[in-house]
Amino acid sequence: MKAAFVVAPRKFEIMDIEMPTITDDEMLVKVEACGVCTSDMTTYLDTYSEEMKARMKMPRRVGHEPAGTVVEVGKNIKDYKVGDRVTGILGMGCFAEYITCNPAGMPGMGRQPMVGKIPDGIPFEYAIGEPMMCLMSIARTANPELGDNVFQVGAGFMGLGVICGVASPKLKNYIVCDLEDWRLDIAKELGATTTLNPNKVNVAEEVMKITEGKGVDVAIEVVGHPPGLKMVGEVIKNNRGKIVAVGWHQAPDTYELYHWIKSPIIYSPQGIGMSIDPSSELPRAMWAIQKGIYPMEKLITHKYKLEDIGKAFEDNLGRTKGYIKGVVMPFM
Ligand SMILES: [Zn+2]
């Protein structure tokens with residue numbers, strides 16, 4: 001079977017490798033789609049710490065957002081059969097034609113079940129359970145109250161997905177900030193009431209104006225870079241504010257903690273790239289996609305063959321106009 005390997009910084013190679021074999025507790029899954037995640041870029045660019053580099057030797061497998069079809073089941077498996085469509089955290093290194101999956105969970109991740117069936121009617125490229133579970137966690141954690149002012153920085157795939165789960169007519173304002181106007185237009189379509197581009201306005205000042213100098217009740221950071229995290233601190237209100245910080249931060253930085261002792265509660269609901277409550281949040285995610293709460297056709301903008309994985313990763317890094325998220329489909 002074919003699998004993609006990072007063989008050098010910013011270089012993929014597709015290799016023919018032995019088909020994996022399963023134990024009695026595992027199943028073999030044909031990977032129909034696997035999402036390209038910004039957190040994969042660390043593996044691709046080789047921007048790990050020296051300590052991690054030593055552990056993550058090249059060539060490296062990558063990919064943690066798969067959806068696929070069960071093609072073989074171990075004899076101890078009761079809940080799945082050949083032909084089932086499955087998603088969630090099935091395994092790692094999922095930019096490959098086949099992967100093995102233990103539906104009871106992965107060692108090192110608390111051995112909790114993070115796999116579920118894909119309901120009929122959701123195509124594989126939209127059924128990427130891992131990021132969708134994270135979006136469930138974020139929406140449930142942010143959970144603003146009636147009449148709240150909400151501020152969010154970041155309108156990439158995760159940011160737009162957060163808006164889908166959090167926006168509501170019961171909010172007074174949902175202010176979203178991003179560097180790209182075309183992404184802010186989509187943010188508006190999905191429920192943002194005001195959009196701000198830091199290239200054009202002083203965002204913190206504008207937010208203070210909109211909230212009559214009080215600041216916001218909930219501030220959500222979905223960027224993963226220092227300026228975004230600084231911004232949420234600047235606009236959070238005094239007393240009982242809530243900062244939800246979910247960006248994938250890849251480098252250390254220094255922050256002004258003064259902003260965060262005004263008394264907001266700081267949440268980072270995601271564990272290491274996963275939901276806090278997978279066995280509940282994976283079915284919630286599939287329900288929410290079916291219900292149309294997440295318009296996946298707007299969020300998944302690019303599909304790639306396995307041999308084009310290099311382009312898929314470069315497009316993620318380039319963030320060209322029109323790119324929200326890509327999926328690799330080995331059997332497309
Ligand atoms: Zn991811």
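Computed from a predicted structure; not experimentally measured.

### Considerations on the environment of Gly213
Residue position: Gly213 is located in the loop between helix H6 (203-210) and strand S11 (218-221). For the pair Gly213 and Ala167, spaced 46 residues apart in sequence, the C-alpha separation works out to 22 Å.

### Topic: the packing of aromatic side chains
This model, assessed by the stated rule, comprises 5 aromatic pairs. Ring centres of Phe12 and Phe313 lie 4.8 Å apart, and the angle between their planes is 75°; on these two criteria the pair is classed as edge-to-face. Of this pair, Phe12 sits in strand S2 (residues 11-16) while Phe313 sits in helix H10 (residues 309-318), placing them 301 residues apart in sequence. Here the two residues Phe12 and Phe313 agree in accessibility, since each one is buried. Through a chain of ring-to-ring contacts, the aromatic side chains of Phe12, Tyr44, Phe95 and Phe313 assemble into a single cluster. Above the face of the Phe124 ring, Arg85 is positioned so that its terminal group lies 4.8 Å from the ring centre. Between Lys117 and the ring centre of Tyr80, over which it is positioned, the NZ or CZ distance is 5.2 Å.

### Quick notes on the coordination of the zinc ion
Distances from the zinc ion to its protein donors, Cys37 (SG), His64 (NE2) and Glu65 (OE), fall at 2.1 to 2.5 Å. Between consecutive donors of the zinc ion, the numbers of intervening residues give the motif C-x26-H-E. Classification of His64 as buried rests on a relative accessible area of 11%.

### Observations concerning helix H3 (residues 129-142)
The periodicity of an α-helix, 3.6 residues per turn, causes residues three or four positions apart to be oriented the same way. For H3, spanning 14 residues, the distance from its first C-alpha to its last is 20 Å, which sits close to the expected 20 Å at 1.5 Å a residue. Here H3 lies mainly inside the structure; 13 of its 14 residues are buried. At the exit of H3 stands Asn143, carrying a positive phi of roughly 30°.

### A look at the state of the cysteines
Overall, the coordinates contain 0 disulfides when judged by the stated rule. Not part of a disulfide, Cys134 finds its nearest cysteine sulfur in Cys37, a span of 8.0 Å. Judged by its relative accessible area of 1%, Cys134 falls in the buried class. Between Cys164, a free cysteine, and Cys134, which holds the nearest cysteine sulfur, the sulfur-to-sulfur gap is 15 Å.

So, how was this worked out
Residues numbered from 1 in each chain as written. Predicted model: local features only at pLDDT ≥ 70, side-chain atom pairs only at ≥ 80, totals over all residues. Heavy atoms only, no water. Helix = DSSP H or I, 4+ residues; strand = E, 2+ residues; numbered from the N terminus. Phe/Tyr/Trp six-rings, centres within 6.5 Å; stacked < 30°, edge-to-face > 60°. Buried < 20%, exposed > 50% of the residue type's maximum accessible area, 1.4 Å probe, protein only. Lys NZ or Arg CZ within 6 Å of the ring centre and 35° of its normal. Donors = N, O, S within 2.8 Å, 3.2 Å for Na, K, Ca; no water. Expected span 1.5 Å × (residues − 1). Disulfide = S-S within 2.5 Å.

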